[in-house]
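# Breakdown of the fold
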Amino acid sequence: MIHLLKLAVGVKDIGHLAEIQRRRALADPPLRHQTRSFPKRADELREGGSIYWVITGAILVRQRVLDVIEDVWDDGLRCAGLVLDPSLVRVAARPMRPFQGWRYLTPEDAPMDISDDQARVSDDLPPELQRSLRALALLP
């Protein structure tokens, strides 16, 4: 099994990601993320892998990858489609610098899931304070 790491470009927070994906799934099911490059390790992704989303400079959430398919963008160009479980699972936040495309992430290097109680504590804080506390490793 292998995971992917991907920047959620233009996404403000986890709620914003959930809303974007909700609209996308209604307009063009199934829920999927399209990417230019087809993962060479697609079979390993299908074996329980997740996509870990980097939002505002930190890995914050993951989604299970259900399938990897050949897909087509709106302009007709071929691409890969990562079919995603709509459930967003909060993970222990980890600062991450920007990068292009996606990266493989081994299970050993993936952040741990956090409980709803742990997530609620950070949700009550302003986003800028959350980022600062995560950078200091004081928030999950």
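Quick caveat: nothing in here was measured; it's all calculated off a predicted structure.

### Quick notes on the pattern of salt bridges
For side chains of opposite charge, pairing can occur when their charged atoms come near one another. Throughout the structure, instances matching the rule amount to 9 salt bridges. Among the salt bridges present, the one from Asp28 reaches Arg32, with a minimum N-O distance of 2.7 Å. Judged by its relative accessible area of 40%, Asp28 falls in the partly exposed class. Since its relative accessible area comes to 11%, Arg32 is described here as buried. The residue Asp67 makes a salt bridge to Arg46 at a minimum N-O spacing of 2.8 Å.

### Considerations on helix H1 (residues 14–27)
In an α-helix, one turn spans 3.6 residues, which is why side chains three or four residues apart end up on the same side. Spanning 14 residues, H1 covers 20 Å between terminal C-alpha atoms, matching the ideal 20 Å at 1.5 Å per step. Residues Ile14, Leu17 and Gln21 constitute the buried set of H1. The arc that holds the buried residues of H1, viewed along the axis, is 55°, so those residues lie on one side. Seen from the buried face of H1, the exposed residues on the opposite side, beyond 90 degrees, are Leu26 and Ala27. Buried residues along H1 sit against strand E3 (50–55), strand E4 (58–72), strand E5 (78–84) and strand E6 (89–95). Its side-chain oxygen placed 3.2 Å from the backbone nitrogen of Gly15, Asp13 serves as the N-cap of H1.

### A closer look at the side chain of His33
Mapped onto the elements of the fold, His33 is located in strand E2 (residues 32–35). Among the residues examined, His33 registers a relative accessible area of 13% and is labelled buried. Among all residues touching His33, those that are not within four sequence positions of it are Lys6, Arg24, Trp53, Ala80, Gly81, Leu82 and Leu84.

### A closer look at the packing of aromatic side chains
This model, assessed by the stated rule, comprises 1 aromatic pair. Ring plane angle 75° and centroid distance 5.1 Å describe the contact between Trp102 and Tyr104, whose orientation is recorded as edge-to-face. Tyr104 gets classed as partly exposed once you look at its relative accessible area, which sits at 30%. Cation over ring: Arg41 sits above Tyr104, and NZ or CZ is 5.2 Å from the ring centre.

### A short note on the environment of Met1
Structurally, the position occupied by Met1 is in the segment before strand E1 (3–7). Sequence separation between Met1 and Glu47 is 46 residues, and the spatial gap between their C-alpha atoms is 5.4 Å. Once residues within four sequence positions are removed from consideration, Met1 is found in contact with Glu44, Glu47, Gly48, Gly49 and Pro107.

### Details of the nonpolar core
In terms of nonpolar packing, the biggest core is built from 21 residues, with Ile51, Trp53, Ile55 and Leu84 touching the most fellow members. Of all the elements, E4 adds the most residues to this core, at 5 residues. Residues contacting Trp53, with those up to four places away along its chain left out, are Lys6, Leu7, Ala8, Leu17, Gln21, His33, Ala58, Ile59, Leu60, Val61, Gln63 and Leu84. Counting residues in each nonpolar core, the second largest holds 9 residues, with Leu7, Ile59, Phe99 and Ala110 among its members.

### A short note on the confidence of the model for the protein
Taken over all residues, the pLDDT of the protein has a mean of 90, while the share at 70 or more is 89%. Mean pLDDT across the secondary structure elements of the protein bottoms out at helix H3 (residues 116–123), with 62, and peaks at E1, with 98.

### Here's the deal with the environment of Thr106
Of note, Thr106 is situated in the loop between strand E7 (102–105) and H3. You can call Thr106 partly exposed: its relative accessible area is 28%. Distance from Thr106 to His3, taken between C-alpha atoms, is 6.1 Å for residues 103 residues apart in sequence. Ignoring sequence-local partners within four residues, the contact set of Thr106 consists of Ile2 and His3.

Calculation rules
The residue numbers shown here count from 1 along each chain, following its written sequence. Given that this is a predicted model, residues contribute local features only at a pLDDT of at least 70 and side-chain atom pairs are listed and counted only at 80 or more, while totals for whole chains, interfaces and linings are drawn from all residues. The basis for every side-chain value is the complete set of heavy atoms in the structure, and neither hydrogens nor water enter the calculation. Put simply, a salt bridge is a Lys or Arg side-chain nitrogen that is within 4 Å of an Asp or Glu carboxyl oxygen. Using a 1.4 Å probe on the protein chains alone, a residue whose accessible area is under 20% of its type maximum counts as buried, one over 50% counts as exposed, and one in between counts as partly exposed. Helix and strand assignments come from DSSP, with helices taken as H or I runs of at least 4 residues and strands as E runs of at least 2, each series counted from the N terminus. Here the expected span of a helix is defined as 1.5 Å times the quantity of residues minus one. For this quantity, the arc is that covered by the directions from the helix axis to the C-beta atoms. Whether two residues are in contact is decided by their heavy atoms: any pair within 4.5 Å suffices. A 3.5 Å cut-off defines polar contacts: any pair of N or O atoms within that distance qualifies, except that in protein one atom must be a possible hydrogen donor and the other a possible acceptor, and neighbouring residues in sequence count only when both atoms are side-chain atoms. Any pair of Phe, Tyr and Trp rings, taking the six-membered ring for Trp, is counted once the centres come within 6.5 Å. Such a pair is stacked with planes under 30 degrees apart, edge-to-face with planes over 60 apart, and tilted for the rest. Whether a charge lies above a ring is judged from NZ of Lys or CZ of Arg, which has to be within 6 Å of the ring centre and within 35 degrees of the ring normal. Residues belong to a common nonpolar core when they are buried Ala, Val, Leu, Ile, Met, Phe, Trp, Tyr or Cys residues joined through side-chain atoms within 4.5 Å. A score between 0 and 100, pLDDT records how confident the predictor is in each residue.

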